[in-house]
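The residues making up each chain are set out below.
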Amino acid sequence: MEHYSPLKIAKNILILVIATCLANCKSTPDLPAFSDHEIAAKWADMALFIAKNTPANSPTYASRCFGYIGLTMYESIVQGYPEYNSLETQLNGLDGLPKMEPGKNYEWRLALNAGQAAILRNIYNQTSDENKAKIDSLEQAIFKNITSGIQDKTLIDRSSAHGRAVAERIFEWSKTDGGHRGYLHNFDKKLVFPERPGCWKPPLFAQSFSHHPLHPHWGKNRTFLKENAELPPPSMLPFDTAEGSAYFRQFMDVCKKAPTLTQEEKEIAIWWADDPDVSFTPPGHSYYIAKLVVEARQPDLIHCAETFAHVGLAVADAFTNCWKWKYQYFSERPNTYVVEHIDSTWESFWPDPPFPAFPSGHAIQGAAAATVLAHLYGNEFAFTDRAHVGRERDEVRDVDFKERHFISFWQFAEESANSRFFGGIHTRQDNQAGLEQGAIIAENVNLLKWKKENN
């Protein structure tokens, strides 16, 4: 048997202690770094969560928020990509954005991270403290993931400060658009309704207890693009009660459709309802689809930001214009016309939203989102929409929430529009005008000088 001297034993113990210490004290292995598209998608998810879980949110107010959130994502990083242009001076009154320091390096993922946290806290300042804590937690999680391999604290601070500064400037600009804290003025009780045949009336079968229409002054808000504020209104069929008239036939089509709805048509009607009390609203649905695209294509950071900016701006301007035209025409819905002139016992499959009909908000914002996404990725793009998977079935209507499959962006826009016809709350002319105008609004967004001319 080998003999161990006391000195040798002590030496071996020392070696063992050192080895154990090195094993236990070595740094924790780094977590896998978040990719560009993962960071952008995580912030999109957070924006959708806040939209869904903030009281008094409405489709109008949410559309505005997604516009500023998407724009902030883009502007917080665009100076790091020489082939791209800022939208400063291209948008309606946007100026004074902070500039990067010449000759200094930036970690643009940190700028995006800080900018998204700042704009969300500000633009949804009415959200709960619990929700604000969730924003803070996501910001810190992404911050730690990015900075785990960065030793330069000055770089870290400079990058985050830039993103926050851009967000703060955009938020200050947002205060002047007419929609700031719009959730405090959802209904104007002093609004005088027009007195002419075919005007909107508070329905008996409605989504809201209010007898006043939502955001009647929203159309006066500043659009992101001046060009979109200058668009002429779509034409609408004149009121007529004669059975052979084009106007009458629009409502007769809705009346006849209700009792013949297929199960899938019922599923489509509830899938796209996106009521603000239980979902992230219709503009949130478009932002969600943009997230699906980013997750599928996994583009670099600037292309992610460009995607969300395109969709946010297009949908926001679509809603502003839509509400301007809704209150210009102040048009009735089928639950009024059909009951008065066709069938007094008729009732729509889905309850009326609390605002005039023409044009359809679902159609105009869906077309706007589809048009900008097709511009960036091509119209032929297969995806599965799982936005409402997991929601409890609608027992009243005996319908489940089933995922929807699409092979193009325009297909989803048309289905979203058709959902309101199936629901019995829009005529086909409401939808057609919405689809046409949404595409025009979005093309103006596409025509912005996003890139330098030689790229």
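Below you will find a few notes about this structure. (Residues numbered from 1 in each chain as written. Predicted model: local features only at pLDDT ≥ 70, side-chain atom pairs only at ≥ 80, totals over all residues. Heavy atoms only, no water.)

**Quick look at helix H10 (residues 281–297)**
No. 1: Its 17 residues place the ends of H10 25 Å apart at the C-alpha level, agreeing with the 24 Å of an ideal helix rising 1.5 Å per residue.
No. 2: Buried residues dominate H10, accounting for 14 of its 17 residues.
No. 3: Downstream of H10 by one or two residues, glutamine 298 has phi in the positive range, about 50 degrees. (Helix = DSSP H or I, 4+ residues; strand = E, 2+ residues; numbered from the N terminus. Expected span 1.5 Å × (residues − 1). Buried < 20%, exposed > 50% of the residue type's maximum accessible area, 1.4 Å probe, protein only.)

**Observations regarding the side chain of asparagine 431**
No. 1: Its place among the elements puts asparagine 431 in helix H15 (residues 428–446).
No. 2: For asparagine 431, a relative accessible area of 5% puts it in the buried group.
No. 3: Engagement of the side chain of asparagine 431 in a polar contact is seen with the backbone oxygen of alanine 417, the distance being 3.0 Å. (Polar contact = N/O pair within 3.5 Å; in protein donor to acceptor, adjacent residues only side chain to side chain.)

**Regarding the side chain of threonine 281**
No. 1: Tracing the backbone shows threonine 281 in helix H10.
No. 2: Setting aside its immediate chain neighbours within four residues, threonine 281 contacts Asn57, Ser58, Pro59, Ala62, Phe66, Asp274 and Pro276. (Contact = heavy atoms within 4.5 Å.)

**With respect to the packing of aromatic side chains**
No. 1: Within this structure, the stated rule accounts for 32 aromatic pairs.
No. 2: Between tyrosine 61 and tyrosine 183 the ring centres are 5.3 Å apart and the planes differ by 90 degrees, which places this aromatic pair in the edge-to-face class. In this pair, tyrosine 61 sits in helix H3 (residues 59–75) while tyrosine 183 sits in the loop between helix H6 (153–174) and helix H7 (226–229), placing the two residues 122 residues apart along the sequence. Each member of the pair, tyrosine 61 together with tyrosine 183, is buried.
No. 3: In textbook terms, an aromatic cluster arises when at least three aromatic residues are bridged by ring pairs, as seen for Trp272, Tyr377, Phe381, Phe383, Phe406, Phe409 and Phe412.
No. 4: Taking the ring centre of tryptophan 323 as reference, the NZ or CZ of lysine 326 above it sits at 5.3 Å.
No. 5: Seen from the ring of phenylalanine 421, arginine 428 lies directly overhead, with NZ or CZ sitting 3.8 Å from the centre. (Phe/Tyr/Trp six-rings, centres within 6.5 Å; stacked < 30°, edge-to-face > 60°. Lys NZ or Arg CZ within 6 Å of the ring centre and 35° of its normal.)

**Points about the environment of glutamate 75**
No. 1: Turning to its location among the elements, glutamate 75 is positioned in helix H3.
No. 2: Residues glutamate 75 and proline 98, 23 residues apart in the sequence, show an inter-C-alpha distance of 9.6 Å.
No. 3: With residues up to four places along the chain from it excluded, the contact list for glutamate 75 reads Ser86, Leu87, Glu88, Leu97, His162, Val166 and Ile170.
No. 4: Within polar-contact distance, the side chain of glutamate 75 engages the side chain of serine 86 at 2.8 Å.

**Points about the packing of helix H13 (residues 361–377) against H15**
Two packed helices can be described by the angle between their axes and the distance between those axes.
No. 1: The N-to-C vectors of H13 and H15 enclose an angle of 40 degrees; their axes lie 7 Å apart at closest approach. One finds that H13 runs oblique with respect to H15. In terms of crossing hand, the pair formed by H13 and H15 is right-handed. Contacts between H13 and H15 involve Ala363, Ile364, Ala367, Ala368, Thr371, Val372 and His375 on the former and, on the latter, Asn431, Gly434, Leu435, Gln437, Gly438, Ala439, Ile441, Ala442, Glu443, Val445 and Asn446.
No. 2: Here the contact of H13 with H15 is built from residues that sort into 10 nonpolar, seven polar and one charged. (Axes fitted to C-alpha atoms, helices over the stretch in contact; angles between N-to-C directions. Parallel < 35°, antiparallel > 145°, perpendicular 65-115°, else oblique. Left-handed = near helix turned anticlockwise from the far one by under 90°. Nonpolar A, V, L, I, M, F, W, Y, C, P; charged D, E, K, R; others polar.)

**Comments concerning the environment of phenylalanine 422**
No. 1: For phenylalanine 422, the location among the structural elements is in helix H14 (residues 409–422).
No. 2: Judged by relative accessible area, phenylalanine 422 falls into the buried class, the value being 11%.
No. 3: For phenylalanine 422 and glutamate 265, which are 157 residues apart along the polypeptide, the C-alpha to C-alpha distance reads 6.4 Å.
No. 4: Excluding residues within four positions of it along the chain, phenylalanine 422 makes contact with Lys257, Leu261, Glu265, Ile268, Ala269 and Phe349.

**What to know about the pattern of salt bridges**
No. 1: Applying the stated criterion to the full structure yields 20 salt bridges.
No. 2: Three or more residues are tied together by salt bridges with common partners; here these are Arg393, Glu395, Asp398 and Asp400. (Salt bridge = Lys/Arg side-chain N within 4 Å of Asp/Glu carboxyl O.)

**Some words on helix H9 (residues 263–271)**
No. 1: Where H9 is concerned, the buried positions are Glu265, Glu267, Ile268, Ala269, Ile270 and Trp271.
No. 2: Elements in contact with the buried residues of H9: helix H8 (246–257), H10, strand E1 (380–385), strand E2 (404–408) and H14.

**Regarding the environment of cysteine 255**
No. 1: Take cysteine 255: it is sitting in helix H8.
No. 2: The spacing of cysteine 255 and leucine 97 is 158 residues in sequence and 52 Å in space, taken between C-alpha atoms.
No. 3: Apart from the residues lying within four places of it in its own chain, the contact partners of cysteine 255 are Val338, Ile342, Asp343 and Trp346.

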